[in-house]
Amino acid sequence: MKQDGAIDIFDPELLVEEPRSEVLFGINDGDSNATTKELRRAYTTTTIGADSWNAIVHNASRRSLQFVPVDHNIEMDALCDGILYECVANAQLVFIELKGGRKDWIQQGVEQLRRTINASKGSIRSIGFTRCEAYLCNSRHPHFAYSHKEVMQRFRNETSVRLYIQQVIAVV
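Per chain, residues are indexed from 1 in the order of the written sequence. It should be noted that, the model being predicted, local features are given only for residues of pLDDT at least 70 and side-chain atom pairs only at 80 or more, the latter also being counted only at that level, while totals for whole chains, interfaces and linings use all residues. No hydrogens and no water enter the side-chain calculation; it runs on all heavy atoms of the structure.

## Quick look at the nonpolar core
Across soluble globular proteins, nonpolar side chains have a tendency to be buried as a group.
Consideration 1: In terms of nonpolar packing, the biggest core is built from 30 residues, with I83, L93, F95 and L163 touching the most fellow members.
Consideration 2: A run of H or I in DSSP becomes a helix once it reaches four residues, and a run of E becomes a strand once it reaches two; helices and strands are each numbered from the N terminus. For this core, the elements supplying multiple residues, two or more each, are strand 5 (82–86), strand 6 (92–99), helix 2 (105–119), strand 7 (131–138), helix 4 (149–159) and strand 8 (162–165).
Consideration 3: When residues in this core are grouped by element, the largest group, six residues, is from helix 2.
Consideration 4: In terms of nonpolar packing, the next biggest core, distinct from the first, is built from 16 residues, L84, Y135, Y164 and V171 among them. Among buried residues, those of type Ala, Val, Leu, Ile, Met, Phe, Trp, Tyr and Cys that are joined through side-chain atoms within 4.5 Å constitute a nonpolar core. Accessible area is worked out with a 1.4 Å probe on protein chains only. A residue is then buried under 20% of its type maximum, exposed over 50%, and partly exposed in between.

Here you go:
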């Protein structure tokens, strides 16, 4: 993290997983009761099954994708759970927030995504991604987007990033 509150989400020290190229894999939130930050941060998985994943990544083209946990990996409060990006220049970047069934999960998740995007704008611009998206995922409400069009549009106006409120992340 830089001293002015900006963060570099592409810092190589944040990488804790190898890139993935599976057609289908999941992203799960870490254990919030764990005693170490390593066990509290989000991670990718192909084990168990899609019905147990917080987010589902569809990677039909089998692109090489890097997941970077952000929350519990960067010393800053209220950041999103992680980012996912293609391992080639000028490709897709996805900010990801994973939520459970809380009453205020949309409002809280949108704020965490916004905070992470705003704090990392410098590093995003330096890479120059052609697609930049944010996904707010809740496995208890996998298709919740259509009743929140105003929230999604306001988010896009404020961040220049398109927001999806759904469990499935499509890599294009």
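Here the narrative resumes, following the displayed structure.
## Side note on helix 4
Consideration 1: Residues M152, F155 and T159 constitute the buried set of helix 4. One face of helix 4 carries all of its buried residues, which in axial projection span an arc of 60°. Opposite the packed face of helix 4, turned more than 90 degrees from it, sit the exposed residues K149, E150 and N157.
Consideration 2: Here, residues are in contact when the closest pair of their heavy atoms is within 4.5 Å. Taken together, the buried residues of helix 4 touch helix 2, helix 3 (121–127), strand 7 and strand 8. Note that the arc is defined by the directions from the helix axis to the C-beta atoms.

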